[in-house]
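# Reading the structure
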Amino acid sequence: MVFGFDGAQDVIDSIRDGKIVATGMQFPKKMARMAAEQADEYLKGKRDFKQKVPVAVELVTQENIAKYTAYGRESEQ
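Everything in this summary refers to the structure shown in the same document. (Residues numbered from 1 in each chain as written. Predicted model: local features only at pLDDT ≥ 70, side-chain atom pairs only at ≥ 80, totals over all residues. Heavy atoms only, no water.)

## Observations concerning the overall build of the protein
Applied cut-off: Runs of E in the DSSP output that reach at least two residues are strands. Runs of H or I that reach at least four are helices, and both are numbered from the N terminus. A radius of gyration in this sense is built from C-alpha atoms; the matching globule rule multiplies 2.2 Å by the number of residues raised to 0.38. Only protein chains enter the accessibility calculation, which uses a 1.4 Å probe. A residue is then buried if its area is under 20% of the maximum for its type, exposed if over 50%, and partly exposed in between. What makes two residues a contact is simply this: any of their non-hydrogen atoms within 4.5 Å. Surface exposure here means Shrake-Rupley accessible area, sampled with a 1.4 Å probe, where a residue is shielded only by the protein chains that are shown. Neither His nor the chain termini are counted; the positive set is Lys and Arg, and the negative set is Asp and Glu. Here the site of a charge means NZ on Lys, CZ on Arg, CG on Asp, or CD on Glu.
Broken down by element type, the protein carries two helices and five strands. Listing each helix as α and each strand as β along the protein from the N terminus yields β-α-β-α-β-β-β. Against the compact-globule benchmark of 11 Å for 77 residues, the protein has a radius of gyration of 15 Å, which places it well outside the compact range. Put simply, the protein has 77 residues, and 27% of those count as buried. Of the contacts made within the protein by residues no fewer than 6 positions apart, 54% connect residues no fewer than 24 positions apart. When the accessible surface of the protein is summed, it comes to about 5700 Å², and 54% of that surface belongs to carbon and sulfur atoms. Here the protein contributes 12 positively and 12 negatively charged side chains, and the mean placements of these two sets differ by 5 Å.

Dropping the structure here:
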């Protein structure tokens, strides 16, 4: 069995085609947005950030692939 992570477009396509079983979607677009927001806050003077920020991970399979697009949920596009 082949699995991926992060949900890149080629992995999403491969799940749809039955070539890959699943991927762990870590939502890199959301992580990038959060990083940019924190960088903006830092530039504005904030210094008391959390040292660790948990990342939600969802398992994407053929059964739920319709809900996802590359790097995130279809509903977030």
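## Regarding helix H2 (residues 28-43)
Residue pairs three or four apart in sequence face the same way in an α-helix, which turns once every 3.6 residues. Test applied: For a helix, the expected span equals 1.5 Å multiplied by the number of residues minus one.
For H2, built from 16 residues, the straight-helix expectation of 22 Å at 1.5 Å per residue is met to within 8% by its first-to-last C-alpha distance of 22 Å. Gly45 occupies a position one or two residues after H2 and carries a positive phi of about 110°.

## A closer look at the pattern of salt bridges
Note the threshold: Salt bridges are defined by distance alone: a side-chain nitrogen of Lys or Arg within 4 Å of a carboxyl oxygen of Asp or Glu.
Taken as a whole and assessed by the stated rule, the structure comprises four salt bridges. A salt bridge links Asp13 to Arg16, with the nearest nitrogen and oxygen atoms 3.8 Å apart. With a gap of three residues between them, Asp13 and Arg16 both fall in helix H1 (residues 9-16), about one helical turn apart. Taking the relative accessible area as the measure of exposure, Asp13 reaches 32% and is therefore partly exposed.

So yeah, pure geometry; function would need other evidence.
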